[in-house]
Amino acid sequence: MAIGDARTRILDAAEELFAGRGYEATPTSVIARMAQVPKGLVFHYFPRKIDVLVALVDERTLVEEDTRVDAVPGDPAGTLSRLARRMPLRASPAMRRILFREADTHVSVKERLGRLNGELIRRSRFALELALPTARGESARLEVAAATFAAVLLYQETLTQLTGHQIDPDAVAELIAGGLL
């Protein structure tokens, strides 16, 4: 077994367990058992249990850098729909559950969730500014529209889990665009 494989298995197990049970309800011994590694190896990679959570958040949730936006002037709905399909948000449904579950109790998780949300708002607003160049003076409306769309992108997995209903980002894009036109 390669060393990197053990660390990855530990993080995989922790991701599944934290998403299902929560951080506080998951002992490191259960993480080790699920990862099929000795408990001491968990502590070799992660001296404290919180270090496992921090590593998960740091390594498995991010918005990849990309300044390109496929915006079509006069088509804010299409622009937002394309942004949603190309949004380089890397966070599994399990990681999104962890972010929302643990944000209230762990500062590093709350900060990461805030950074993700801020980046999604920034990109959504930029896309809207390109699609609606005449609306640039309507700063407050664009900010609300961008924040609403970013919320849908970030929270859709959690909302689906809670309500059982899928949220269609294209329909949300149409709704937001209709409010801006």
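Residues numbered from 1 in each chain as written. Predicted model: local features only at pLDDT ≥ 70, side-chain atom pairs only at ≥ 80, totals over all residues. Heavy atoms only, no water.

A. Spotlight on the environment of Arg101. If you trace the backbone, Arg101 turns up in helix α6 (residues 93-102). Judged by relative accessible area, which is 38%, Arg101 ranks as partly exposed. Sequence spacing of Arg101 and Pro47 is 54 residues, and the spatial spacing of their C-alpha atoms is 23 Å. Filtering out sequence-adjacent residues up to four positions away, Arg101 remains in contact with Phe18, Ala19, Gly20, Arg21 and Gly22. In this structure the side chain of Arg101 is engaged in a polar contact, spanning 2.9 Å, whose partner is the backbone oxygen of Phe18. (Helix = DSSP H or I, 4+ residues; strand = E, 2+ residues; numbered from the N terminus. Buried < 20%, exposed > 50% of the residue type's maximum accessible area, 1.4 Å probe, protein only. Contact = heavy atoms within 4.5 Å. Polar contact = N/O pair within 3.5 Å; in protein donor to acceptor, adjacent residues only side chain to side chain.)

B. Fine view of the pattern of salt bridges. Taken as a whole and judged by the stated rule, the model has 13 salt bridges. As a salt-bridge pair, Asp170 and Arg85 come within 3.2 Å of each other at their nearest N and O atoms. With a gap of 85 residues between them, Asp170 in helix α9 (residues 169-180) and Arg85 in helix α5 (residues 76-86) connect regions that are remote in the sequence. Where Arg141 meets Glu138, a salt bridge forms, and the shortest distance between an N and an O atom there is 2.4 Å. Through salt bridges with shared partners, a single ionic network connects Asp12, Glu15 and Arg60. (Salt bridge = Lys/Arg side-chain N within 4 Å of Asp/Glu carboxyl O.)

C. Highlighting α9. Counted at 1.5 Å a residue, the expected span for α9 with its 12 residues is 16 Å, and the 16 Å between its end C-alpha atoms agrees. Those residues of α9 not exposed but buried are Pro169, Val172, Ala173, Ile176, Ala177 and Leu180. Taken end-on, α9 shows its buried residues confined to a sector of 135 degrees, consistent with a single buried face. Counted as exposed and oriented over 90 degrees from the buried face of α9: Glu174 and Leu175. (Expected span 1.5 Å × (residues − 1). Arc of directions from axis to C-beta.)

D. Structural detail: the confidence of the model for the protein. Of all residues in the protein, 93% have pLDDT values of 70 or greater, and the mean over the chain is 88. Helix α2 (residues 28-35) holds the highest mean pLDDT among the elements of the protein, 97, whereas strand β2 (residues 89-90) holds the lowest, 71. (pLDDT = per-residue confidence, 0-100.)

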